[in-house]
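Examination of the molecular architecture
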Amino acid sequence: MKHILEPLPYAYNSLEPYIDEQTMKIHHDKHHQTYVDKLNAAIEGNAELQKKTVQELIKGIDNVPEKIRAAVRNNGGGHLNHTFFWPLLKKGTNFEGEIGEAIKNKFGSFEKFKEEFSNLAVSRFGSGWAWLVVNKGQLEIMSTANQDSPISEGKIPLLTIDVWEHAYYLKYQNKRADYAEAFFNVINWQKVNENYVNAKKAK
């Protein structure tokens, strides 16, 4: 199959003022598109790999030929992570549902979860992501470098923040902490809850 970039599921300016329109256009149309193009180029001519979804490619990254493994890991991971990321963004949803209760049970309060998640995002050295995942039935906060994904470790992602500079630099420059704070105004908790409910079914 040829991997494609799906349209952003909302208007580019719908996350203003927290994430600006220009950043969303460049992030989605340029950066994400580049990951898709380079992934397709990496697996071109390999019929077996072209049959796989991007999830299958990343889960089985150790089985990808060594010659193209880094390209598939970086660009396939970039495509997978961003495809997961976009639907997590929406203004005006409430922290509630099963995931709300699970977070409070695990971390003590929403405020404590926000503090731990934000600290991990801000302290990620270089480029990468911070995640809320399900690991062996338990909630866990973790971070990954570059475009690595928790699914490579058998974990199920629920929520993530992109802390590559291209995700925030136009508006926040070097103030990653300000970006992380703003991010909490655009988390689509309905989607996070849906991810959690599906993760529990997958156990």
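The sections below set out a description of the structure shown in this document. Worth saying up front: this structure is predicted, and the values here are computed from it rather than measured.

Basis of the calculations
- Residues numbered from 1 in each chain as written.
- Predicted model: local features only at pLDDT ≥ 70, side-chain atom pairs only at ≥ 80, totals over all residues.
- Heavy atoms only, no water.
- Buried < 20%, exposed > 50% of the residue type's maximum accessible area, 1.4 Å probe, protein only.
- Helix = DSSP H or I, 4+ residues; strand = E, 2+ residues; numbered from the N terminus.
- Pairing = 2+ DSSP bridges.
- Phe/Tyr/Trp six-rings, centres within 6.5 Å; stacked < 30°, edge-to-face > 60°.
- Lys NZ or Arg CZ within 6 Å of the ring centre and 35° of its normal.
- Axes fitted to C-alpha atoms, helices over the stretch in contact; angles between N-to-C directions.
- Contact = heavy atoms within 4.5 Å.
- Expected span 1.5 Å × (residues − 1).
- Arc of directions from axis to C-beta.
- Parallel < 35°, antiparallel > 145°, perpendicular 65-115°, else oblique.
- Nonpolar A, V, L, I, M, F, W, Y, C, P; charged D, E, K, R; others polar.

A large share of strand β1 (residues 128-135) lies buried, amounting to 8 of its 8 residues. Neither face of β1 is left uncovered, since the one carrying Gly-128, Ala-130, Leu-132 and Val-134 and the one carrying Trp-129, Trp-131, Val-133 and Asn-135 both have all their residues buried. Relative to strand β2 (residues 138-145), β1 runs antiparallel, the two sharing 8 bridges. Across the sheet, Leu-132 pairs through a bridge with Ile-141, a residue of β2. Here β1 hands over to β2 after 2 residues, with Lys-136 in that stretch at a positive phi of 55 degrees.

A separate point is the packing of aromatic side chains. Tallied over the full model, the rule gives 19 aromatic pairs. Relative to Trp-129, the ring of Phe-85 has its centre 5.6 Å away and its plane inclined at 80 degrees; by these criteria the two rings are edge-to-face. Pair noted here: Phe-85 is in helix α4 (residues 66-85) and Trp-129 is in strand β1, with a separation of 44 residues, a long-range link. Pair check on accessibility: Phe-85 and Trp-129 agree, each one buried. Note on Phe-117 and Phe-183: the rings are 6.4 Å apart at their centroids and 15 degrees apart in plane angle, and the pair reads as stacked. Remark: Phe-183 occurs in helix α8 (residues 176-183) and Phe-117 occurs in helix α6 (residues 110-123); sequence separation between them is 66 residues. In this pair, the class of Phe-117 matches that of Phe-183, namely buried. The aromatic ring of Tyr-172 is capped on one face by Lys-171, whose charged end is 5.8 Å from the ring centroid.

Turning our attention to the sheet that holds β2. Reading across the sheet, the 3 strands line up as β2-β1-β3 and stay open at both edges, with antiparallel pairing between neighbours. The sheet is open, and its two edges are formed by β2 and β3 (156-162), each paired on a single side. This sheet shows a mean twist of 20 degrees between the axes of neighbouring strands, independent of strand direction. Sitting on the sheet, α4 is in contact with β1 and β3, with an inclination near 90 degrees to β3. Strands in contact with helix α9 (residues 189-201) are β1, β2 and β3; relative to β3, the strand with the most contacts, it is inclined by about 150 degrees.

Turning our eyes to something else, we now look at α6. Between its first and last C-alpha atoms α6 spans 20 Å; for 14 residues at 1.5 Å apiece the expected length is 20 Å, and the two agree. For α6, the full list of buried residues reads Phe-113, Phe-117, Ser-118 and Ala-121. For α6, the buried positions fall inside an angular range of 120 degrees around the axis, keeping them on one side. Seen from the buried face of α6, the exposed residues on the opposite side, beyond 90 degrees, are Glu-111 and Ser-123. The inward-facing, buried residues of α6 abut α5 (97-107), β1, β2, β3, α8 and α9.

Where α5 contacts α6, the axes come no closer than 8 Å and their chain directions differ by 75 degrees. Looking at the two axes, α5 sits roughly perpendicular to α6. Residues Ile-103, Lys-104 and Phe-107 of α5 lie in contact with α6, whose contacting residues are Phe-110, Lys-112, Phe-113 and Glu-116. Split into classes, the residues belonging to the contact of α5 with α6 amount to 4 nonpolar, no polar and 3 charged.

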